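Structure assessment
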Amino acid sequence: MAIKFHHLQFSYAPKSPFQFDALHNINLTIKENTFTAVIGHTGSGKSTLVQHINALLMPTDGIVQVDEQIVLPTKTKKYIKILKKKLKSKKTSSETKQRLEYLLSIVEAHKTYKVKDLRKKVGVVFQFPEYQLFEENVIKDVSFGPQNFGVSKDDAILLAKEALTLVGLDESFYERSPFELSGGEKRRVAIAGILALKPEILVLDEPTAGLDPLSAFQMMETFKTIHRRGTTIILVTHDMDIVLRYTTDVVVMKNGEVIEETTPQALFSNVKEEYSLEVPVLYEVMQELKKRGCPLDFTKINSIHKLAQALKELKEHNV
């Protein structure tokens, strides 16, 4: 299920003295079945962008398209009227008219979303999702979401058990209070509650924040498994080691704009100073090896295991 942003713009507190323009004319496609990282410095617009995917935020202007459904700034008929009115205005430049005609064609060719349908398709894991736990035991908490979407209690419990197994929690956790669990276990329960809905798209906003290195690794391995099963994943993170190890695509943002779409390997092979990104430790090691005459192909290495394989092959060929 692809996600497309068409001339997306978003402002906080619009038409007020506190207006802040967070996103500027975003045109972006996140391809189906990819594991895409959205990165950039604090305030670049990463979280604002991904919150549009399931209509937690509504566009100030432009369109968000999830598969064949679209999210608009206002009701469809009203938005069409706004676009047509702007098109007729003599003050509208030819460049703006092209943008308006394009948006109008998208609106007329697609159906607008229903919130419930969209939020079943798109699951969002915020920072510290464990704060959302509320039921008396784990199995009730995880099965709440499916029941809220009309699934029978028995079927919801089956979905909850499947989701808990996926995040590494067995039946010994079912009757336990989520508030008695460790921080990492609480987070797994919260994520299981989202996975129980069987989302086709999973948005992760700093999912490893506050976790120790082992828990963070285990969490990312879980998401890796989920992605391999066909779920499209969008990850917001500041951890460049995670970006390199797990993602297939990278979107770099700065000041509310997309400034590059690339792959992790291509990005870290030639990090631009203006991005203010930390180079993954693995790449620092490889850069040092290259300085010492080791001809490594950075575009093919994203883990210590692959680096070890590359070094072994070079040794075997006496390079």
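Computed from a predicted model, the values in this text were never measured in an experiment. (Residues numbered from 1 in each chain as written. Predicted model: local features only at pLDDT ≥ 70, side-chain atom pairs only at ≥ 80, totals over all residues. Heavy atoms only, no water.)

1. Considerations on helix H7 (residues 183-195)
- Between its first and last C-alpha atoms H7 spans 19 Å; for 13 residues at 1.5 Å apiece the expected length is 18 Å, and the two agree.
- Listed as buried for H7 are Gly184, Arg187, Arg188, Val189, Ala190, Ile191, Ala192, Gly193, Ile194 and Leu195.
- On the buried face of H7, the contacting elements are strand S7 (122-125), helix H5 (138-148), helix H6 (153-166), strand S8 (201-205) and helix H8 (213-228). (Helix = DSSP H or I, 4+ residues; strand = E, 2+ residues; numbered from the N terminus. Expected span 1.5 Å × (residues − 1). Buried < 20%, exposed > 50% of the residue type's maximum accessible area, 1.4 Å probe, protein only. Contact = heavy atoms within 4.5 Å.)

2. Examining helix H12 (residues 304-316)
- Taking 1.5 Å per residue, 13 residues should reach 18 Å; H12 reaches 18 Å between its end C-alpha atoms and fits that length.
- Within H12 the residues assigned to the buried category are Leu307, Ala310 and Leu314. All buried residues of H12 lie within an arc of 60° about the axis, which places them on one face of the element. Opposite the packed face of H12, turned more than 90 degrees from it, sit the exposed residues His305, Lys312, Lys315 and Glu316.
- Where H12 is buried, its residues contact helix H11 (281-291).
- Asn318 occupies a position one or two residues after H12 and carries a positive phi of about 55°. (Arc of directions from axis to C-beta.)

3. Here's the deal with the packing of aromatic side chains
- Per the stated rule, a full pass over the model turns up 4 aromatic pairs.
- Judged by centre distance (4.7 Å) and plane angle (90°), the ring pair of Phe10 and Tyr12 falls under edge-to-face.
- Among the residues examined, Phe10 registers a relative accessible area of 8% and is labelled buried.
- Aromatic pair Tyr283 and Phe298: ring centres 5.2 Å apart, planes at 70°, arrangement edge-to-face. Of this pair, Tyr283 sits in helix H11 while Phe298 is found in the loop between H11 and H12, placing the two residues 15 residues apart along the sequence. Comparing Tyr283 with Phe298 shows no difference in burial state: the two are buried.
- An aromatic cluster is present here, built from Phe268, Tyr283 and Phe298 joined pairwise through their rings. (Phe/Tyr/Trp six-rings, centres within 6.5 Å; stacked < 30°, edge-to-face > 60°.)

4. Some words on the layout of surface pockets
- Quantified by volume, the largest pocket comes out at close to 530 Å³.
- Lining the largest pocket are 24 residues, with Val124, Gln132, Gly193, Ile194 and Leu197 positioned closest to its centre.
- Counting only elements with at least two residues in the lining of the largest pocket, the list comes to helix H4 (115-121), S7, H5 and H7.
- Among the elements that make up the lining of the largest pocket, the one with the highest residue count is H5 (5 residues). (1 Å grid on protein atoms, 1.4 Å probe; cavity = no way out; pocket = protein on both sides within 12 Å on 5 of 7 lines; lining within 4 Å. Points joined across faces, edges and corners; volume = space filled by probe spheres on them.)

5. Comments concerning the pairing of strand S10 (residues 249-254)
- Of all 6 residues making up S10, 5 are buried, and the element is well covered by its neighbours.
- Taken together, the 5 bridges between S10 and strand S11 (residues 257-262) define a ladder with antiparallel strand orientation. Following the sheet pairing, Val250 is matched in S11 by Thr262. (Pairing = 2+ DSSP bridges.)

6. Considering the environment of Phe20
- Of note, Phe20 is situated in strand S2 (residues 20-30).
- Placed 179 residues apart in sequence, Phe20 and Pro199 show a C-alpha to C-alpha distance of 32 Å.
- Not counting residues within four places of it along the chain, the set of residues in contact with Phe20 comprises Phe10, Ser11 and Tyr12.

7. Things to note about empty space enclosed by the protein
- Enumeration over the complete set of coordinates arrives at 1 cavity of 30 Å³ or more.
- Approximately 30 Å³ is the volume attributed to the largest cavity.
- Taken together, the residues that form the lining of the largest cavity break down as 5 nonpolar, 2 polar and 2 charged. (Nonpolar A, V, L, I, M, F, W, Y, C, P; charged D, E, K, R; others polar.)

8. Here's the deal with the pattern of salt bridges
- Evaluated as defined, the whole model comprises 7 salt bridges.
- A salt bridge links Lys198 to Glu162, with the nearest nitrogen and oxygen atoms 2.5 Å apart. Taken as a pair, Lys198 in the loop between H7 and S8 and Glu162 in helix H6 lie far apart in primary sequence, 36 residues in all. (Salt bridge = Lys/Arg side-chain N within 4 Å of Asp/Glu carboxyl O.)

9. Some points on the packing of H11 against H12
- Following both chains from N to C, one finds H11 and H12 inclined at 20°, their axes separated by 11 Å at the closest point. Here H11 is positioned roughly parallel relative to H12, judged by the angle of their axes. For H11 against H12, the interelement crossing comes out right-handed. Where H11 abuts H12, its residues Leu282, Val285, Met286 and Leu289 lie against Ile304, Leu307 and Leu311.
- Class assignment of the residues belonging to the contact of H11 with H12 gives a composition of 7 nonpolar, no polar and no charged. (Axes fitted to C-alpha atoms, helices over the stretch in contact; angles between N-to-C directions. Parallel < 35°, antiparallel > 145°, perpendicular 65-115°, else oblique. Left-handed = near helix turned anticlockwise from the far one by under 90°.)

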